[in-house]
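Understanding the architecture of this molecule
Each chain is listed here by its residues.
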Protein chains: 2
Amino acid sequence: MPSALNPNLAQFKRRNQALPAEKYVEGILSGNRVLLGQSITLVESHIAEHQAVAQKIIEACLPHSGQAQRIGITGAPGVGKSTFIEASGLHLIDSLQRKVAVLAIDPSSQMNGGSILGDKTRMEQLSRAENAFIRPSPAGETLGGVARKTRESIMLCEAAGYDTILIETVGVGQSEIAVHSMVDCFLLLLLPGAGDELQGIKRGIVEMADLVFINKAEAERHTLAQQSKKAYQNALHLLSKKESNWTPKVHIGSAFKQTGLAEIWQAVQAYFEHTNANDFLQHQRKQQATYWLSEHIENALKNWFYQDKVVQKKLDDLQKKVLEQEISPFAAADLLLKSKI
Amino acid sequence: MPSALNPNLAQFKRRNQALPAEKYVEGILSGNRVLLGQSITLVESHIAEHQAVAQKIIEACLPHSGQAQRIGITGAPGVGKSTFIEASGLHLIDSLQRKVAVLAIDPSSQMNGGSILGDKTRMEQLSRAENAFIRPSPAGETLGGVARKTRESIMLCEAAGYDTILIETVGVGQSEIAVHSMVDCFLLLLLPGAGDELQGIKRGIVEMADLVFINKAEAERHTLAQQSKKAYQNALHLLSKKESNWTPKVHIGSAFKQTGLAEIWQAVQAYFEHTNANDFLQHQRKQQATYWLSEHIENALKNWFYQDKVVQKKLDDLQKKVLEQEISPFAAADLLLKSKI
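What counts, and at which threshold
- Residues numbered from 1 in each chain as written.
- Chains lettered and ligands numbered in written order.
- Predicted model: local features only at pLDDT ≥ 70, side-chain atom pairs only at ≥ 80, totals over all residues.
- Heavy atoms only, no water.
- Least-squares fit on C-alpha atoms with pLDDT ≥ 70 in both.
- Contact = heavy atoms within 4.5 Å.
- Buried area = accessible area lost by both parts, 1.4 Å probe.
- Salt bridge = Lys/Arg side-chain N within 4 Å of Asp/Glu carboxyl O.
- Polar contact = N/O pair within 3.5 Å; in protein donor to acceptor, adjacent residues only side chain to side chain.
- Helix = DSSP H or I, 4+ residues; strand = E, 2+ residues; numbered from the N terminus.
- Nonpolar A, V, L, I, M, F, W, Y, C, P; charged D, E, K, R; others polar.
- Phe/Tyr/Trp six-rings, centres within 6.5 Å; stacked < 30°, edge-to-face > 60°.
- Buried < 20%, exposed > 50% of the residue type's maximum accessible area, 1.4 Å probe, protein only.
- Lys NZ or Arg CZ within 6 Å of the ring centre and 35° of its normal.
- Core = buried A, V, L, I, M, F, W, Y, C linked by side-chain atoms within 4.5 Å.
- Expected span 1.5 Å × (residues − 1).

Let's talk about the relation of the copies chain B and chain A
For these two chains of identical sequence, chain B goes onto chain A by a turn of 179° and a shift of 0.0 Å along the axis, with RMSD 0.1 Å. In short, the pair behaves as if placed about a two-fold rotation axis. Here 100% of the interface residues in chain B have copies in chain A that are interface residues too; the copies meet face to matching face.

In structure tokens, the structure reads:
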């Protein structure tokens, strides 16, 4: 962190007061990591004044966003996600001259104190790299909240010049579906040997994967990893053809021993070339934008409705009547709506 | 069908005109199957006049509903759902003096012309039984639409005196989640031998099951079925404890040979006794009612908003701007909402 900028940060933290939006935009566009980080803090803030500044920053950054490769990375706890992301980040920066931002979607982090990316020291080397930016999942949010804020953070990172966005998530819940609505490419990490069901990976997740990396395939587990590779390749062939017309690839390696990384990232590049050539990439981005537009409209609509004091009071009464079977949920909904619209 | 009632039915069909709501309510409460069927047709109708009558019927039947056992039955195509439901229905009616209504949730039926319950002749014997009522899934609906209409149909069947409602669904899609929001108990049918993933059953479905029946366990497949039973019993033990505090049970049998039916329905009764004793049943019904209230409110709110002509025009414009990255989905949603609320 450039120390010249620390006074700003300190002021921000002490007074809980945001700078004018232009300052942040300027900072982001010049690649300033401190101002990028502060902007994301504003995006994550629940204070109305912060939200207003955040929205200005987002709109100003919008024309400068969209050019990065957005890659979702998932896998069950213990599969070595942090090690894989750290090794991958360093590979992308050092060998491919990329600028890498790492974000996370983990709605459980408020409960267990941050299971992923909560502790930057888990990616010590990467966090020290000049061309890396690491940001844990916002705490104290619902999945919808986390997803929205992560999506906004992606845009800011792109405006700051990061050309590769890695979005980490745990492969056990609904988070993958949220991630899927914001990434171009989905990479699943597995362990050698055990079936995905034994690894706690939900079946739908495997079907979402564009690429699989069987991690921890060190010498003593190499044969096992080869067998797993074959099994997953067969399974992925059996699954219905993807809209992208891409056949998912399975690679093996060890993030810890730094083997197989060049190959998996070559495969990721092949995926981007394929989906760029057949326009799937652009098509998917448009679908995602449309999805987010609907999501925001419907969330805003619900907020507007449920925040109304009259609605809240009536809803309480009607809910009781529904539970007592005095009125059907349908008629109750009608009555409630008539009180407001 | 009592022939004396046929003129009503004919008039209804010919003129597309509904009787006064009281007539239907009277008919339903006296257990008249023809008027029950017509009422469900009104529930399923998209004609505003029919909907208005349907809502009156539902409100009037509401105080007479809720006392039945609602059981969801799922399984992949080919597992023998129809045979199982027919044999079960006859067992419940003949041996346990029940009145059985069979409904279905199959949003795919509009596409393939009704894959489940579309053809009543598949349950010929049961459809002739006096204490049975069979109704296929409404066609031409989204899953949300089917779910709502099925839920309303459950209430009408209960008001007509059916004490056991079987709701059939195919175990491959989202329908099970919808069914789960309206049943007390979830029964999964499987074949001997093959794992659930090979049977096209999604993993989450197995976790939802309160009871499993391994069907087609005829003599030559008995050993295989026993092995499957053991495997599923182990698997179900591994899964996290259910809120109901009930340990899922696995039974084997053959609906075709009518073996194992008494045992599985005894297990269903044990489930109801258990969940009744620990109040889970009542608790779940309340949760479901609350869920449906929210569902109805939010659907009605969205309909009201999106049907507005000004909103529709603005949405088209804003969608284009979002796709061109001229405006973020958030800002677009805000603008759209301001035009209406």
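Observations regarding the interface of chain B and chain A
Between chain B and chain A, the contact holds 45 residues from the first and 45 residues from the second. Both faces combined, the contact of chain B with chain A buries some 4000 Å², and carbon together with sulfur accounts for 70% of it. Three residues, L293(B), L301(B) and F330(B), lead the burial of chain B against chain A; their summed loss comes to 17% of the area buried on that side. At the junction of chain B with chain A, the criterion picks out two salt bridges. Inspection of the chain B/chain A interface yields eight residue pairs in polar contact (both at pLDDT 80 or more). For the side of chain B that touches chain A, the elements supplying multiple residues, two or more each, are α4 (48-61), α8 (143-159), α10 (203-208), α13 (280-306), α14 (309-323) and α15 (329-338) of chain B. Here the side of chain B that touches chain A gets 15 residues from one element, more than from any other, and that element is α13(B). Classifying every residue of the side of chain B that touches chain A by side-chain character gives 24 nonpolar, nine polar and 12 charged.

Here we look at the packing of aromatic side chains
Each pair of aromatic rings is reported with the distance of its centres and the angle of its planes. With the rule as written, the count across this model stands at 17 aromatic pairs over all chains. Centroid distance F84(A) to W265(A): 6.4 Å. Interplanar angle 20°. Geometry classified as stacked. Placement of F84(A) in helix α5 (residues 81-96) and of W265(A) in helix α12 (residues 261-277) is noted, with a sequence separation of 181 residues between them. In this pair, the class of F84(A) matches that of W265(A), namely buried. Between Y291(A) and W292(A), the aromatic rings sit 5.6 Å apart at their centres with planes inclined by 85°, giving edge-to-face as the arrangement. With relative accessibility at 3%, the residue W292(A) sits in the buried group. The structure contains a cluster of three or more aromatic residues connected by ring pairs, namely W304(A), F305(A), Y306(A), W304(B), F305(B) and Y306(B). A cation over an aromatic ring shows up here: K99(A) above the ring of Y162(A), its NZ or CZ 4.7 Å from the ring centre.

A short note on the nonpolar core
Within soluble globular proteins, side chains that are nonpolar tend to cluster in buried spots. In this structure, L36(A), I57(A), L156(A), C157(A), I165(A) and I167(A) are the most contacted members of the largest nonpolar core, which totals 54 residues. Not counting residues within four places of it along the chain, the set of residues in contact with I57(A) comprises A21(A), Y24(A), V25(A), I28(A), S39(A), L42(A) and L156(A). The next biggest cluster of nonpolar side chains, apart from the first, holds 53 residues, and it includes I105(B), F186(B), L188(B) and V250(B).

Points about α8(B)
All names here are of chain B. Taking 1.5 Å of rise per residue, 17 residues should cover 24 Å, and α8 covers 24 Å from first to last C-alpha, within 8% of that figure. Here α8 lies mainly inside the structure; 15 of its 17 residues are buried. In the segment just after α8, G161 is the residue with positive phi, at about 100°.

What about the pattern of salt bridges?
For the structure shown, the criterion picks out 18 salt bridges over all chains. Residue D184(A) is joined to R285(A) by a salt bridge in which the shortest nitrogen-to-oxygen separation is 2.8 Å. One end of the pair, D184(A), is in the loop between α9 (175-180) and β5 (185-190); the other, R285(A), is in helix α13 (residues 280-306), with 101 residues separating them in the sequence. Exposure class is identical for D184(A) and R285(A). Each is buried. We note a salt bridge from E152(B) to R148(B), for which the minimum N-O separation is 3.3 Å. With a gap of four residues between them, E152(B) and R148(B) both fall in helix α8, about one helical turn apart. No difference in accessibility class separates E152(B) from R148(B), as the two residues are buried.

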